[in-house]
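For reference, the chains in residue letters:
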Amino acid sequence: MTRYFTVNTTIEFFCLLIACLCLYKDRDPIWRLCILYLLFTCATEVSAIHIRKVLNQSNLPLYNVFLLIECSFISTFFYFLYKKYVNKTKWLMVWLSIFILLFFGELMSNHFLNFTFKTASVLSLVFVLASLYFYYLILKDEKFERLNNYAPFWWVNGTLIFYFGSTSTNIFFDYLIQDQISVFAHSIRYIIFNILNVLLYCCWSYAFLCKYLQRKSSSSLV
């Protein structure tokens, strides 16, 4: 049973717990959707471990399916964050169309056997740019926000850290997946992604807490 408890699954279940406690009564549907997304994330990680360690089969097809969910959720979340400042519906539709073409094109070229690494790299790069654009919108906005407890800001912080790290790691994928320091049982790439996951879900957990405190504060003023 302990094989299912890794750094990744532990921090993901922790973030899911925080999301359930803080967001289940939130007024914004997109924030409540985080609970469902994290549930899919946890289920995917546990299933991937079971497939690889118990069934001794490749779990790459499972991660390919999850990449579709990941792209859909993160893209939609950014769209709703942008709506406060600008309407970018066309951007969302164009990006999702490009992603689908890239995803299935690479999947067919790999004969549905390998993970879509190139598409994942493009996705990471786009989300880095989307995060930077959100910062630009905040700076441009005339309304003052206290960033230390502004939930969208911390959600984007975690997203930027994770996908910027992912982009850099994927560039050196061939080297990092093979290179292994003698004192560690895993590749450097595996260790880096563990660190990125911890940073991502810590930022998201704090964002959920900020959202909860904001809702409580608004309720007390009514």
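Placed above this text is the structure.
Just so we're clear, the structure is a prediction, and the values are computed from it rather than from any experiment.

### Here's the deal with the packing of aromatic side chains
Then step 1. One pass over the full model with this rule turns up 28 aromatic pairs.
Then step 2. Ring geometry for Phe115 against Phe117: centres 4.9 Å apart, planes inclined by 75 degrees, an arrangement best described as edge-to-face.
Then step 3. Judged by relative accessible area, which is 14%, Phe115 ranks as buried.
Then step 4. A relative accessible area of 29% places Phe117 in the partly exposed class.
Then step 5. Sitting above the plane of the Trp91 ring, Lys88 keeps its charged end 4.0 Å from the centroid.

### Things to note about the environment of Ser75
Then step 1. Within the secondary structure, Ser75 is located in helix H3 (residues 60-82).
Then step 2. On the accessibility criterion, Ser75 (5% relative accessible area) is buried.
Then step 3. Dropping the residues within four chain positions of it, Ser75 is found in contact with Leu92, Trp95, Leu96 and Phe127.

### Re helix H1 (residues 7-23)
Along an α-helix, a turn takes 3.6 residues, which lines up residues three or four apart on a common side.
Then step 1. End to end, H1 covers 24 Å across 17 residues, agreeing with the expected 24 Å (1.5 Å per residue, within 8%).
Then step 2. Taken residue by residue, H1 has Asn8, Thr9, Ile11, Glu12, Cys15, Leu16, Ile18, Ala19, Cys22 and Leu23 as its buried positions.

Reading the values: rules and limits
- For every chain, the first residue of the written sequence is number 1, and numbering continues from 1 along that sequence.
- Predicted model: local features are reported for residues with pLDDT of at least 70 only, side-chain atom pairs are reported and counted for 80 or more only, and whole-chain, interface and lining totals are derived from all residues.
- Water and hydrogen atoms were dropped before computing side-chain values, which therefore reflect all heavy atoms in the structure.
- Classification of ring pairs uses Phe, Tyr and Trp, with its six-membered ring standing for Trp, and accepts pairs whose centres are within 6.5 Å; under 30 degrees between planes counts as stacked, over 60 as edge-to-face, and the remaining range as tilted.
- Only protein chains enter the accessibility calculation, which uses a 1.4 Å probe. A residue is then buried if its area is under 20% of the maximum for its type, exposed if over 50%, and partly exposed in between.
- Working rule: Lys NZ or Arg CZ, within 6 Å of ring centre, within 35 degrees of ring normal, means a charge sits over the ring.
- By definition, any uninterrupted DSSP run of H or I lasting at least four residues is a helix, any uninterrupted run of E lasting at least two residues is a strand, and each is numbered from the N terminus.
- A contact between two residues is defined here by any heavy atoms of the two lying within 4.5 Å.
- Given the number of residues in a helix, its expected span is that number minus one, multiplied by 1.5 Å.

Distances and angles like these do not, on their own, reveal function.
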